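# Per-entry structural report
Here is what each chain is made of, one letter per residue.
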Amino acid sequence: MKRGARIREERARYSNMSGIAALGFLINGMDERKDDDGDTGSAFPRSDAEDMSKGARFVPGEVTLARRAGKKVNFVTICDPNCWYWEMPDGSRFYHYDPIVYRHIGLANGREEINDGNRTYFKDGPGHCPRCGNINTRGGVVKVKP
Ligand SMILES: [Zn+2]
């Protein structure tokens, strides 16, 4: 398939695709060094762009490096559109943080929500996600070993 046709097909498949995901597909499509899987050897692995098209706003560096090295990393979105993780080949997980995740987890655990006029938080913290085990309610990315 011609490069342009492939990009058009991907645009159709991911109609709500973010700009960064579109850019990722474009860079990946032009990358001559990658293998047939679209990940191995690529500056912008195709799987990273796919994760972004599903809502990820960034991909942890360790995930990108693993994919570039030809390893399979799963982007697991079984929980909530804003609560997800990457599963590494050794079973480690990377949980991302988003303010929406904090609230999603707190409400899922039935915690009491407090609004003190400046901010909204949970009296005893949000806890861990009861569905996917997400422990990251503070920020950045948290790695959990298997
Ligand atoms: Zn979750």
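Source: prediction; values computed, not measured.

### Focus on helix H5 (residues 99–108)
Helical geometry note: an α-helix holds 3.6 residues per turn, so side chains three or four residues apart project in the same direction. Looking only at H5, the buried set comprises Val101, Tyr102, His104, Ile105 and Gly106. Here the buried face of H5 lies against strand E1 (74–80), strand E2 (83–87), strand E4 (113–115) and strand E5 (120–122). Just downstream of H5, Gly110 is the residue with a positive phi angle, here 70°.

### Things to note about the confidence of the model for the chain
Note that predicted coordinates carrying low pLDDT should not be read in detail. Mean pLDDT for the chain: 87, with 88% of residues reaching 70 or above. By mean pLDDT, the top-scoring element of the chain is helix H4 (residues 61–68) (96), and the lowest-scoring one is helix H1 (residues 3–13) (58).

### Quick notes on helix H2 (residues 19–30)
Here H2 contains 12 residues, and its C-alpha end-to-end distance of 17 Å stays within 8% of the 16 Å for a straight helix at 1.5 Å per residue. Within H2, burial applies to Ala21, Gly24, Phe25 and Asn28. Along the long axis of H2, the arc covered by the buried residues comes to 95°, so they all point the same way. Facing away from the buried surface of H2 by more than 90 degrees, the exposed residues are Gly19 and Met30.

### Some thoughts on the nonpolar core
Core analysis: the biggest nonpolar cluster contains 21 residues, and Val63 and Trp86 have the highest contact counts within it. Listed by contribution, the elements that provide at least two residues to this core are H2, helix H3 (46–53), H4, E2, strand E3 (93–96) and H5. Two domains each provide a minimum of three residues to this core, namely domain 1 (1–71) and domain 2 (73–146). Discounting chain neighbours no more than four positions away, the residues touching Val63 are Val73, Trp86 and Phe94.

Each value, and the rule that gives it
Residues numbered from 1 in each chain as written. Predicted model: local features only at pLDDT ≥ 70, side-chain atom pairs only at ≥ 80, totals over all residues. Buried ≥ 20, exposed ≤ 12 C-beta atoms within 10 Å, placed from the backbone. Helix = DSSP H or I, 4+ residues; strand = E, 2+ residues; numbered from the N terminus. Contact = placed C-beta atoms within 7 Å. pLDDT = per-residue confidence, 0-100. Expected span 1.5 Å × (residues − 1). Arc of directions from axis to C-beta. Core = buried A, V, L, I, M, F, W, Y, C linked by C-beta atoms within 7 Å. Domains from an automatic or database assignment.

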